[in-house]
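Structure at a glance
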Amino acid sequence: MKIVYCLPQLYKPGGIERIISIKANYLAETCHYDVTIITAIQKGKAPYYKLLPQIRLIDLNLDYDSLLKLPLFTRIYKKRLLQKKHKEILSNILYQIKSDITISTFTHEASFLPDIKDGSKKILEFHFCRKHKQLMAKAFKFPLITRFAYYLKCWQEENVIIPKYDQFVVLTEEDKLSWSSKIKNVLNIPNILTFRTSPTINTTRNEAIAVGRLDAQKGFDILIPIWEKIHKKCPEWILNIYGQGEDETKLKKLIAEKELKDSIIIHQASKNIIEEYEKNSLLLMTSRYEGWGLVLTEAMQCGLPVIAFACKCGPRDIITNGEDGFCIDEGDENDFISKTVLLMKDDNKRIKMGYNAQKNVQRYSADKIMPLWINLFNKLIKQ
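Throughout what follows, the structure given in this document is the object of discussion.

Reading the values: the criteria
Residues numbered from 1 in each chain as written. Predicted model: local features only at pLDDT ≥ 70, side-chain atom pairs only at ≥ 80, totals over all residues. Heavy atoms only, no water. Buried < 20%, exposed > 50% of the residue type's maximum accessible area, 1.4 Å probe, protein only. Helix = DSSP H or I, 4+ residues; strand = E, 2+ residues; numbered from the N terminus. Pairing = 2+ DSSP bridges. Right-handed = clockwise from strand over helix to strand, strands pointing away. Expected span 1.5 Å × (residues − 1). Disulfide = S-S within 2.5 Å. Contact = heavy atoms within 4.5 Å.

Describing the pairing of strand β2 (residues 34–39)
- Burial within β2 is extensive, with 5 of its 6 residues counted as buried.
- Here strand β1 (residues 2–7) runs beside β2; their pairing, made up of 6 bridges, is parallel. Each residue of the ladder has a partner; that of C6, found in β2, is I38.
- Regarding the hand of the β-α-β motif, the stretch spanning β1, helix α1 (residues 15–29) and β2 is right-handed.
- In terms of strand pairing, β2 meets strand β3 (residues 56–59) through 4 bridges, oriented parallel.

Overview of helix α3 (residues 132–139)
- Looking at α3, one finds that the buried residues are H132, K133, Q134, A137 and A139.
- K141 sits one or two residues past α3 and shows a positive phi near 55 degrees.

Notes on α1
- With 15 residues, α1 ought to run about 21 Å at 1.5 Å a step, and its terminal C-alpha atoms sit 21 Å apart, in line with that.
- In terms of burial, α1 is a largely internal element, 12 of the 15 residues being buried.
- Residues of α1 that are buried: I16, E17, R18, I19, I20, S21, K23, A24, N25, Y26, L27 and A28.

Remarks on the state of the cysteines
- In this structure the tally under the stated criterion is 0 disulfides.
- Left without a disulfide partner, C313 is nearest to the cysteine sulfur of C129, which lies 4.8 Å away.
- The class for C313 is buried, based on a relative accessible area of 3%.

Quick word on the environment of K12
- Within the fold, K12 resides in the loop between β1 and α1.
- When its relative accessible area of 36% is taken as the criterion, K12 is described as partly exposed.
- Along the chain, K12 and Y49 lie 37 residues apart, while their C-alpha atoms are 8.7 Å from each other.
- Once residues within four sequence positions are removed from consideration, K12 is found in contact with E17, Y48 and Y49.

Here it is in structure tokens:
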């Protein structure tokens, strides 16, 4: 079987890049599929995550990044021209490959991929949550005109783009239920685990971890004031934040203002993040919105109990509340603090929940999730 994945790039560390790399390796090695990954803006750089040599990489060398610096209406016009070029180049490649399945990760090619009649079945793999652009516009405090454009994009996604696809795949049951009244071809296939489960569990250190891009979505500006109150009750604990992004300077300033330099440490993103999870005893997540929340399953693989706000979407699906972590109502900072302090002060409860986390998260192993994809591929081809 021939499978093609389309996404912007593979050189950056990120959830989509990591998941697509793992799935592509599985399909190429375990299923012996012919797998091609087509990127739009790889910039001649090597993939951040390891790929098997038999996987074909094709980069279209399109400069979407330069559009971000342009005024809104100029950006819209220039993007239309670039997408026209994108469609032409991608069409030629797909007609040559003659793939059975072509998958968009809902990025630059999403709006036109179903219009390419190369014979392949088209799947839209959605790594976000419904109305995520509206949530993004609110979180990043975009100007009114930009916010209107993002609301318009949400309408276009639901009414124009998604219905064209043979299959629309979302990551959580929560998101599927949200879409099901509007979209009939929606299917829930969760993300797979990103590495082999750590054989050891060590939740005895007085250190907690938070992982993600340093921007408004991940809510570290929410976590730091919360940690200030946690620190007063558990001053021996350290919070390690791993990530990089546009808010790094602002977050470091906030840490300094709250006199938490000795209690909160911001580290650069790590290629060996599993080693960092293993050095900590808790994972904290205060995202404003997610598509899944990859850090939750990663931490659980390493035997860490997790505490997260029940943002859209991911935590409600992943966390078994009170058993392997705590899923806190959005905005309830007092409960977040209370549950975090509870686990910090109760070693036995923390260790037990860590074991439960490592056990429960195995429902997302490759052996459980990848057959769902293979069944979908076979079903679409038969149709």
